[in-house]
Amino acid sequence: MTDSPRPRDPRTALVDRWRDTLLAARSGAPGPDPLPYAENLLARWDEPQRRYHTTAHLTAVLDRIDTLAPHAADVHAVRLAAWFHDAVYRPDRTENEERSAALAERALPEAGVGEAVTAEVARLVRLTVTHDPAEGDGNGEVLCDADLAVLAGSPQEYAAYAAQVREEYGFVPDEAFRAGRADVLRQLLALPRLFRTPHGAEEWEARARHNLATELELLGSSSGPQ
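Presented here is an overview of the structure given in this document.

A separate point is the overall build of the chain. From N to C terminus, the chain includes eleven helices and zero strands. For 226 residues, the compact-globule formula gives about 17 Å, and the C-alpha radius of gyration of the chain, at 18 Å, lands near that figure. Out of the 226 residues in the chain, the part that is buried amounts to 46%. When contacts within the chain are restricted to residue pairs at least 6 apart in sequence, long-range pairs at least 24 apart make up 64% of them. For the chain, the exposed surface amounts to about 11700 Å²; the carbon and sulfur share of it is 55%. Here the chain contributes 25 positive and 37 negative side-chain charges, whose respective centroids are spaced 3 Å apart.

Here's what the structure looks like:
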């Protein structure tokens, strides 16, 4: 009888995924040790103001990119964009995506990534402002679908996600949060499609719309008499 292998520590697994992605994105070009870059990014994802935008979210997005990888033109760029897309995150600010893209534009060339891939990563990070990739933008469709797939969780998973979002905005009074969150949900529900990849459209669209509509209904019922 042999002992079964121990599962890897989640943080070690993330560091390994970063190293593999960075080395692949370099396409054989020399560069510095990937580890300090992984440690810097993970420290950002571990900041205390985060409840949803944590390393658990990063891992989930990377896992979904693995599922959607055949749809991407450059899956290494998409994976790098996942690492950077919420690397700068302050819930009380509106320029998080732009600052995250700028961080990628500074860090990736230093880490040995070429100009074209760096530009694509920054473009993809900025795309997460709207989650509205152009038709045929396979890289953008994969990143946006992977980021939004949380909307298609089970009722329990979706409830946990919604609660974490509320915690991140704990500084916002209840009435203002309900109004702002309801606006976001209505905007999402008004989109012709939430998911652009074939897998996302088939596996996630209907469940995500049901979850969004349920949360919107609950927000209305918790607001008291009108």
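Okay, the pattern of salt bridges next. A pair can form between side chains of opposite charge whenever their charged atoms are brought close. Taken as a whole, this structure holds 19 salt bridges when the rule is applied. Across the pair R50 and E47 runs a salt bridge whose closest N-O atoms are separated by 3.4 Å. R50 gets classed as buried once you look at its relative accessible area, which sits at 4%. The salt bridge partner of R193 is E135, with a shortest N-O separation of 3.3 Å. With a gap of 58 residues between them, R193 in the loop between α9 (174-190) and α10 (198-203) and E135 in the loop between α6 (115-127) and α7 (138-148) connect regions that are remote in the sequence. With a relative accessible area of 34%, R193 lands in the partly exposed category. Each of R17, D63, D66 and R79 takes part in a single network of salt bridges with overlapping partners.

What follows covers the packing of aromatic side chains. Taken as a whole and assessed by the stated rule, the structure comprises seven aromatic pairs. Each ring, one from Y52 and one from Y161, has its centre 5.0 Å from the other, and the planes form 70 degrees; the classification is edge-to-face. Highlighted residues: Y52 in the loop between α2 (35-45) and α3 (55-68) and Y161 in helix α8 (residues 155-168), separated in sequence by 109 residues. Judged on exposure class, the residue Y52 and its partner Y161 are both buried. Members of the aromatic cluster, each reached through a chain of ring pairs, are W18, W83 and F84. The ring of W45 carries the charged tip of R50 above its face, separated from the ring centre by 5.3 Å. Across from the ring centre of F177, 4.3 Å away, lies the NZ or CZ of R166, which sits over that ring.

About the thresholds
- Residues numbered from 1 in each chain as written.
- Predicted model: local features only at pLDDT ≥ 70, side-chain atom pairs only at ≥ 80, totals over all residues.
- Heavy atoms only, no water.
- Helix = DSSP H or I, 4+ residues; strand = E, 2+ residues; numbered from the N terminus.
- Rg over C-alpha atoms; globule rule 2.2 N^0.38 Å.
- Buried < 20%, exposed > 50% of the residue type's maximum accessible area, 1.4 Å probe, protein only.
- Contact = heavy atoms within 4.5 Å.
- Areas by Shrake-Rupley, 256 points an atom, 1.4 Å probe, with all protein chains shown as cover.
- Lys, Arg positive; Asp, Glu negative; His and termini not counted.
- Charge placed at Lys NZ, Arg CZ, Asp CG, Glu CD.
- Salt bridge = Lys/Arg side-chain N within 4 Å of Asp/Glu carboxyl O.
- Phe/Tyr/Trp six-rings, centres within 6.5 Å; stacked < 30°, edge-to-face > 60°.
- Lys NZ or Arg CZ within 6 Å of the ring centre and 35° of its normal.

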